[in-house]
Amino acid sequence: MILLVTGGARSGKSLYAETRIRDCAGTPVYIATAQPFDAEMAARIAAHKARRGPGWLDVEAPLELPQALQAAPAGPVLVDCLTLWLSNLMFAERDIEAQTEALCAALAARGGEIALVTNEVGQGIVPENALARRFRDAQGRLNQRVAQAADEVRLAVCGYTLRVK
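Residues numbered from 1 in each chain as written. Predicted model: local features only at pLDDT ≥ 70, side-chain atom pairs only at ≥ 80, totals over all residues. Heavy atoms only, no water.

**Some details on the packing of aromatic side chains**
Inference 1: Scanning the entire structure with this criterion turns up one aromatic pair.
Inference 2: The ring of Tyr30 has Arg52 sitting right over it, with the charged end atom 3.4 Å from the ring centre.
Inference 3: Seen from the ring of Trp56, Arg52 lies directly overhead, with NZ or CZ sitting 5.8 Å from the centre. (Phe/Tyr/Trp six-rings, centres within 6.5 Å; stacked < 30°, edge-to-face > 60°. Lys NZ or Arg CZ within 6 Å of the ring centre and 35° of its normal.)

Right, here's the structure in full:
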């Protein structure tokens, strides 16, 4: 079962995905794509860890997400989040299309319960600069591709989720 949870910032998507994975049998694996580049991001990461509590196996994969999925031990997996993974790929000048295909292949090969969190970034104004537009477009394509691979897609809004697929 592959679940994709999308929504805006602070919409409740991570909490929803954590709850779904926590309710599965086995030790949950949390694959984190965030990197603590500054104090604010370090605090956000710490808050996420504290909210999850003990019992999660944490794996850091800012760039090598497909490989982390393949290497993760058996059990439910939560990937948080695809948006940060994409920005990491862009800054590292990686082939996003190839990485997206590798991710989808890893998802198909893994089996079991997998939840992925991603941001919906295409509902606002058109960004002013070319880099932001390129990111928005790449995020939209990544979200569409993973949604196609997913068994269930949820949209988080104001702390509630709506089933999209």
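From this point, things continue past the structure.
**Overview of the pattern of salt bridges**
Inference 1: For the structure on display, the rule yields nine salt bridges.
Inference 2: For Glu152, the salt bridge is made with Arg20, and the minimal N-O distance between the two is 2.9 Å. Taken together, the positions of Glu152 in strand β6 (residues 152-157) and Arg20 in helix α1 (residues 13-22) put the pair 132 residues apart, joining distant regions of the chain.
Inference 3: A residue is classified by how much of its surface remains accessible, and Glu152, at 4% relative accessible area, is buried. (Salt bridge = Lys/Arg side-chain N within 4 Å of Asp/Glu carboxyl O. Helix = DSSP H or I, 4+ residues; strand = E, 2+ residues; numbered from the N terminus. Buried < 20%, exposed > 50% of the residue type's maximum accessible area, 1.4 Å probe, protein only.)

**Some thoughts on the side chain of Gln99**
Inference 1: Locating Gln99 in the fold gives a position in helix α5 (residues 96-110).
Inference 2: By relative accessible area, Gln99 is classed as buried at 14%.
Inference 3: When neighbours within four sequence positions are excluded, Gln99 is seen to be in contact with Leu63, Pro66, Trp85, Leu89 and Arg94. (Contact = heavy atoms within 4.5 Å.)

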